[in-house]
Amino acid sequence: MLVVLFFPLAAKADEISSSFATVNGVRLHYLSIGKGEPIILLHGYAETSHMWVPLMTELAKTHQVIAPDLRGAGDSEAPQDGYTKAMLAQDVHALAQKLGYKSVEIVGHDIGLMVAYAYAAQYPSEVSKIVLMDAFLPGVGDWKSVWLMRDLWHFHFYGNTPLALVTGRERIYLEHFWNDFAADPAHSLSEKDREFYAAAYAKPGHMRAGMEYFRAFEQDAKDFAEFAKTPLTMPMMVLSGEKASGQTLIDQGMLVANDVDGVIVPGSGHWLMEEAPDFVIPKLVEFLN
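Residues numbered from 1 in each chain as written. Predicted model: local features only at pLDDT ≥ 70, side-chain atom pairs only at ≥ 80, totals over all residues. Heavy atoms only, no water.

Participant: Got a minute to help me understand the side chain of Q252 in this structure?
Facilitator: With respect to the helices, strands and loops of the structure, Q252 is situated in helix 10 (residues 247–256). Leaving out residues up to four positions away in the same chain, Q252 has contacts with F136, L137, V140 and W143. (Helix = DSSP H or I, 4+ residues; strand = E, 2+ residues; numbered from the N terminus. Contact = heavy atoms within 4.5 Å.)

Participant: Explain the side chain of S32 here, please?
Facilitator: Within the secondary structure, S32 is located in strand 3 (residues 26–33). Judged by its relative accessible area of 13%, S32 is buried. Looking at S32, its side chain comes within polar contact range of the side chain of S17, at 2.8 Å. (Buried < 20%, exposed > 50% of the residue type's maximum accessible area, 1.4 Å probe, protein only. Polar contact = N/O pair within 3.5 Å; in protein donor to acceptor, adjacent residues only side chain to side chain.)

Participant: Whenever I open this one, helix 12 (residues 277–288) confuses me. Can you help?
Facilitator: Three or four residues apart is the spacing at which side chains of an α-helix point the same way, because the helix has 3.6 residues per turn. Look at helix 12: 16 Å from first C-alpha to last across 12 residues, which is about the 16 Å you get at 1.5 Å a residue. Those residues of helix 12 not exposed but buried are V280, I281, L284, V285, F287 and L288. (Expected span 1.5 Å × (residues − 1).)

Participant: Is there a simple way to think about the packing of aromatic side chains in this case?
Facilitator: Given two aromatic rings, one states the distance between the centres and the angle between the planes to describe the pair. The full count for this structure, using the stated rule, is 18 aromatic pairs. Arranged with centres 5.4 Å apart and planes meeting at 70°, the rings of Y119 and Y123 form a pair that is edge-to-face. Of the residues examined, Y123 reaches a relative accessible area of 17% and is grouped as buried. The interplanar angle of 55° and the centroid separation of 6.2 Å between the aromatic rings of W153 and Y173 together place this pair among those described as tilted. (Phe/Tyr/Trp six-rings, centres within 6.5 Å; stacked < 30°, edge-to-face > 60°.)

Participant: When you look at the pairing of strand 3 in this model, what are you seeing that I'm missing?
Facilitator: Every other side chain in a regular strand lies on the same face of the sheet, so the side chains alternate between the two faces. Within strand 3, 7 of the 8 residues are buried, which leaves it mostly tucked inside the rest of the structure. As judged from the 7 bridges shared by strand 2 (residues 17–23) and strand 3, these two strands associate in the antiparallel manner. Opposite S17, over in strand 3, you have S32 as the bridge partner. Sheet topology note: the strand 3/strand 5 (residues 63–68) ladder contains 4 bridges and is antiparallel. Looking across to strand 5, one finds that Y30 is bridged to P68. (Pairing = 2+ DSSP bridges.)

Spelled out as structure tokens, the structure:
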């Protein structure tokens, strides 16, 4: 199935196509544009593949670019299980194989960076470059100081009662992320994007799936600790918000890879693509090209 989406705020975005593929027993939705060597872009929590539209149109000048909705997000299916980052990476890898990709560059933000790392760790010979964007790596270094941070209570907010509390109130819950993790809530996600994402997470099963991303962190920590025993050798860039993950994620990157370029995004909180596009997009284009 193939339909064309129109994004009026992004130049050339009418060339972005929307497709579906069934891999690993789950129907995944993905956006695609361009021709050339493939780049995979992986979104995080409280967003979907839609976050990458401004970057996709730039990268498509020289690459084929795909941005999947992870299992449980956007227009992808939301099964009951399969939310460890190793499994999510296997979904993305199966999609890449279905599309005929032998080697990819991969970029991930938030939960997506964990999936990108799990992809590179499981299929290192099939990844030529990797970018990690603002969050943390469970199981690597002093990860528990992040996982147990009081302000990050949502890492432990899952199950029947939390789900009942947010059902029908998805936007109220998501505003916590968009506002509290931005350097300035007034310069975080746009109103149009907030409406878009709130509707996406209000779809049946999707808020539960989002909580499962966090529930899986303990297993992710075990998996990543094992992965980290074999450092990645491909070039890695780490982009970290000055007022968010800061040096922490860069230090973690250096524990799992041998060739790391760590970049602090000045003045930015967690939402790098929205808070600092004029800094972040050129950095990504330069590195990936």
